[in-house]
Each structure stands twice: as structure tokens, then as C-alpha cells.
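Summary of the model geometry
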Amino acid sequence: GNLMGSRLLLALDETDPQRAFFVAEAAAPHLAGIKINWPLLMQGGLETVAKLAKLAPVICDLKVADIPNTARLIAEAAYGAGAAGIIAHAFPGAGPLRAIRDVAPDRDLYAVITMSHPGGGEFFDIAALAAVARDGGATGVVAPATRPKDITAVREAVGDLKIIAPGVGAQGGDPRAAITAGADLIIVGRAIYQADDPGAAAREFAAALGD
Ligand code: BMP
């Protein structure tokens, strides 16, 4: 049994809002949260956040990478719509992260430390960006399930911040290896929302991640 609750975040990049809500409803009982990104937000609008928040906590993966004032305005919109968390890039520095944090000190802020695609680690300095995440008040970080060694390095650098790890399923990452390396939550998109039975797929991933 998994007494800690689900370790699974659904990356809901389904671009048809109706299909997205069907998937979210089917998967929700097995989820720690739903991550939405530009593809669904641009199709469904900001109201998508409030609708999904009725099913599970919503993380807005906006990959914010801007000056503090613009970051603040984006955060006001996303948290105001009901987001439980926002994902921002760390590379612009601690100032923009702090600006987001100040909008909603009781919600989550995740900073991207290094990315999951081939070559996605090339321009990201794990130690430096982990320090930015901490200075900026991030509550968590994003690190790649496709490179468990990087998750281990991120874990050493961020202490007890929450690590959420994309790259499982369609990108080839192994969920158990990511957890063993130090991830807290695993992010799965296509392998769930493109499945014939998204509810069953979510249940299987969640069960595989159980303690
Ligand atoms: P999928 O499981 O379909 O590959 O989806 C992964 C999700 O995680 C996507 O929403 C993607 O934008 C996001 N993501 C990622 O894949 N790698 C990163 O390094 C950072 C991400 O946010």
C-alpha cells in the first residue's frame, strides 16, 4: 500500500479541452496533481485551471522566464485562477522567482534546474541553478527522469525541496529509477493522456510508484 498518497502528476498536454477533461476525470483518483502547459491553456483558456482544480491540485507549467515585474503579473493571473503551483525557469535568477513567490507565499513554486530532452542538460548548471531556486524561495524543482544521475545531483544540491521529474513513458525515463535517484513526484503525459484507457494507465503508473 502507498500510505504517502500518489506520487504521480499528470502532464495534461491534450489540446482538445473536452478530451482533456475526460482524461482528467478518469485519472484524478490516482493523481497527486495535474500539470498543465501552454498547449492546453492556449486552447482552453485560463478558466481551465479552475475547472481542473475541482479534480486535483493544478500546477501551471508556464516556464516563466522573465523580469520580476512580468513574472509577478503572470503569477497573479495563474494563482488568481486557482493554481496550486507555478513552474518557472531558474536561469533568469532569484529576483523573478522571488517576485512569483511574493504573490502567493502559501502556494508552490517549482524552478526548472535541467531538462529531460536529448541535450537538455547542455546549458544548465545544476549547482548554480539549485542555488538560485533556494535563494528565490522555490518550494520545489524540476529535474529529468531521463537522467537519474542528474536527479541525484539535484537532490544533493537542493536539500529537502520537492523534486518533480518529467520524462517518464514517451521520453523513455524509468519511474522507479527516478524515485530511487531522489525524485518525490513523477510527471507523466502522453503515456496516460494518449492511452486507450487513461484511467487504467494512471492507476498503473501510480501503483508502480507506490512505496
Ligand atoms: P510527456 O510525458 O508526454 O513526455 O510529457 C512531459 C511533460 O513534462 C510535458 O508537459 C513537458 O513540457 C514537461 N517537461 C519535460 O518533458 N521535460 C522537462 O525537462 C521539463 C518539463 O516541464
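In the block above lies the structure referred to throughout.
Here is what the cut-offs are and how they apply
- Residues numbered from 1 in each chain as written.
- Predicted model: local features only at pLDDT ≥ 70, side-chain atom pairs only at ≥ 80, totals over all residues.
- Heavy atoms only, no water.
- Near = heavy atom within 4 Å.
- Polar contact = N/O pair within 3.5 Å; in protein donor to acceptor, adjacent residues only side chain to side chain.
- 1 Å grid on protein atoms, 1.4 Å probe; cavity = no way out; pocket = protein on both sides within 12 Å on 5 of 7 lines; lining within 4 Å.
- Sits in = over half its atoms within 2 Å of the grid points.
- Helix = DSSP H or I, 4+ residues; strand = E, 2+ residues; numbered from the N terminus.
- Salt bridge = Lys/Arg side-chain N within 4 Å of Asp/Glu carboxyl O.
- Buried < 20%, exposed > 50% of the residue type's maximum accessible area, 1.4 Å probe, protein only.
- Pairing = 2+ DSSP bridges.
- Points joined across faces, edges and corners; volume = space filled by probe spheres on them.
- Nonpolar A, V, L, I, M, F, W, Y, C, P; charged D, E, K, R; others polar.

**Re the site of the ligand**
For the ligand, the set of nearby residues contains 14 residues, the closest of which are Asp-13, Lys-63, Ser-116, Gln-171 and Arg-190. With respect to the ligand, the side chain of Arg-190 contributes an N or O atom lying 2.8 Å from an oxygen atom. A molecule is said to occupy a pocket when more than half its atoms come within 2 Å of that pocket's grid points, and by this definition the ligand occupies the largest pocket. Secondary structure elements with two or more residues in the shell around the ligand: β2 (33–37) and β3 (58–64).

**Some details on the pattern of salt bridges**
Opposite charge on two side chains lets them pair, provided their charged atoms get close. As enumerated under the stated definition, the model contains 8 salt bridges in all. Glu-14 is paired through a salt bridge with Arg-19; the nearest N and O atoms lie 3.8 Å apart. With relative accessibility at 25%, the residue Arg-19 sits in the partly exposed group. Measuring nitrogen to oxygen at the nearest pair gives 3.0 Å for the salt bridge that ties Asp-61 to Lys-63. By relative accessible area, Asp-61 is classed as buried at 2%. By relative accessible area, which is 26% here, Lys-63 ends up partly exposed.

**Things to note about the pairing of strand β7 (residues 162–166)**
Within β7, 4 of the 5 residues are buried, which leaves it mostly tucked inside the rest of the structure. One ladder, built from 3 bridges, connects strand β6 (residues 140–142) with β7; its direction is parallel. Paired with Val-141 across the two strands is Ile-163, which belongs to β7. Of the strand pairs in this sheet, β7 and strand β8 (residues 185–188) are connected by 3 bridges, and their pairing is parallel. From the neighbouring strand, Ala-165 faces β8, where its bridge partner is Ile-186.

**A look at the layout of surface pockets**
As a volume, the largest pocket reaches approximately 440 Å³. As for the largest pocket, its lining consists of 26 residues, of which Asp-13, Lys-35, Ser-116, Pro-166 and Gln-171 are closest to the centre. Looking at the lining of the largest pocket residue by residue, the classes come out as 14 nonpolar, 7 polar and 5 charged.

**A short note on unusual backbone geometry**
Of note in this structure, Lys-63 is not a glycine but carries a positive phi near 45°. Checked against the element boundaries, Lys-63 lands in strand β3.

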